[in-house]
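Summary of the model geometry
Each chain is listed here by its residues.
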Amino acid sequence: MGKTIAITNQKGGVGKTTTSINLAACLAEAGKKILLIDLDPQGNSTSGVGGKADQNSIYEALMGRLPASACVQKTAVEGLYLIPSDIRLTGAELELVELEQREYRLKLILKSLESQYDFLFIDCPPSLGLLTLNALTAAQRVLIPIQCEYYALEGVTSLMNTVTRVKHTFNPRLDIEGILLTMLDGRTNLGLQVVDQVKKHFKSRVYATAIPRNVRLGEAPSHGLPIHLYDPRSIGADSYRRLAKEFLQRNK
């Protein structure tokens, strides 16, 4: 049975989608079979792995119009598969309100796919709405990227409270997979202070691997490629490969 992990932080611009794409891709490179589910209406994970936002998207599956298996696409990375997002997902939160078991829609549609993959990653929208609630109800674990900046922990308390509420109300198996420090500039005192602050707050839940600021990481999505294919020798590629290795050690 595959392990389902929601990658979320309601604060935008923290490297959530970059992590979803590149951790999934590096795990596939390491020989694992991975499914990436793009649950963000912006569809950046979809375009970032060269996927096509067509009629067979996560929106169709959530609305019960197609089985999830009909929405799965291959990507340029062997072993990495995608369920794409499209712009119609923008209105999904309003439509979900009217549906039965609205908090469990994603969990129900992924149930038939879990046995086919080693890991399933859900790239969540930057909010704590009904789509993210569906992701947290469907997942066993939550991975939280935190940007190494002054307001790093802002909003994380709200996210943790949401995780606790979901655990008590909808999904008792939910827990924290890890905290990932992103966009680290190790040359600044501020970056190092944030690292210390986050580690003091979350202790062993923080990954030893931190993702540095890297121009190539920012360029890769415009080519529809994860970083290890776009520039295999870049600092970004090396960081995500190390993260994938650490992730697998935690998930032996």
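Going by the structure above, here's the rest.
Okay, so let's go over this structure. Everything numeric in this text was worked out from a predicted model, so none of it was measured. (Residues numbered from 1 in each chain as written. Predicted model: local features only at pLDDT ≥ 70, side-chain atom pairs only at ≥ 80, totals over all residues. Heavy atoms only, no water.)

**Looking at helix α1 (residues 16-29)**
Defined as follows: Helix and strand labels come from DSSP, where a helix needs a run of H or I of at least four residues and a strand needs a run of E of at least two; each type is numbered from the N terminus. Helix span is expected to be 1.5 Å times the residue number reduced by one. Three exposure classes are used, based on accessible area relative to the maximum for each residue type with a 1.4 Å probe and protein chains only: buried under 20%, partly exposed in between, and exposed over 50%.
Under the 1.5 Å per step criterion, the end-to-end length of α1 is 20 Å for 14 residues, consistent within 8% with the ideal 20 Å. Residues of α1 that are buried include every one of Lys16, Thr17, Thr19, Ser20, Ile21, Asn22, Leu23, Ala24, Ala25, Cys26, Leu27 and Ala28, and no others.

**Details of helix α7 (residues 156-169)**
Applicable threshold: Each direction from the helix axis to a C-beta atom contributes to the arc, which is the arc of those directions. For this analysis, residues touch if any pair of their heavy atoms sits within 4.5 Å.
For α7, with 14 residues, the first-to-last C-alpha span of 20 Å sits near the 20 Å given by 1.5 Å per residue. Listing the buried residues of α7 in full gives Val156, Leu159, Met160, Thr162, Val163 and Val166. Looking straight down α7, one finds its buried side chains confined to an arc of 160 degrees; they lie on one side. Exposed side of α7, more than 90 degrees from the buried face: Thr157, Arg165, His168 and Thr169 are the residues found there. Of the surrounding elements, those touching the buried residues of α7 are α6 (130-138), β6 (141-147), β7 (175-182) and α8 (189-202).

**Remarks on the side chain of Glu177**
The condition is simple: Residues adjacent in sequence count toward polar contacts only when both atoms are side-chain atoms; beyond that, a polar contact is any pair of N or O atoms within 3.5 Å, and within protein one must be able to donate a hydrogen and the other to accept it.
As for its placement among the helices and strands, Glu177 is situated in strand β7. Reaching out from Glu177, the side chain makes a polar contact with the side chain of Lys3 at a distance of 3.0 Å. In contact with Glu177, not counting residues within four places along its chain, are Lys3, Ile5, Arg141, Val142, Leu143, Tyr207, Phe247, Arg250 and Asn251.

**Let's talk about the pattern of salt bridges**
Put simply, the rule reads: Counted as salt bridges are all cases of a side-chain nitrogen of Lys or Arg within 4 Å of a carboxyl oxygen of Asp or Glu.
Here the structure, examined in full by the defined rule, presents 13 salt bridges. Two residues, Asp86 and Arg88, come together in a salt bridge whose shortest N-O distance is 2.8 Å. Relative accessible area serves as the criterion here: at 8%, Asp86 is assigned to the buried category. For Arg88, a relative accessible area of 25% translates into the label partly exposed. Between Glu219 and Arg216 there is a salt bridge, with the nearest N and O atoms lying 2.7 Å from each other. Highlighted residues: Glu219 and Arg216, both in helix α9 (residues 215-219), separated by 3 residues, approximately one helical turn. The class for Arg216 is partly exposed, based on a relative accessible area of 31%. One continuous salt-bridge network, built from bridges that share partners, spans Lys16, Asp40 and Asp123.

**Let's talk about the environment of Ala68**
Examined against the element boundaries, Ala68 turns out to sit in the loop between α3 (58-62) and β3 (73-74). Between the alpha carbons of Ala68 and Met160 there is a distance of 29 Å; along the sequence they are 92 residues apart. What Ala68 contacts, discounting residues up to four positions off in sequence, is Ala61, Ile83, Ile109 and Leu113.

**Quick look at the pairing of β7**
The following threshold applies: Strand pairing follows a simple DSSP-based rule, namely that at least 2 bridges must link the two strands. For crossovers, right-handed means that the path from the first strand over the helix to the second runs clockwise, given strands pointing away from the viewer.
For β7, a buried count of 7 out of 8 residues is recorded, marking the element as mostly surrounded by other parts of the structure. Of the strand pairs in this sheet, β6 and β7 are connected by 7 bridges, and their pairing is parallel. Bridge assignment links Ile144 to a residue of β7, and that residue is Ile179. Remark: the β6/α7/β7 crossover connection has right-handed handedness.

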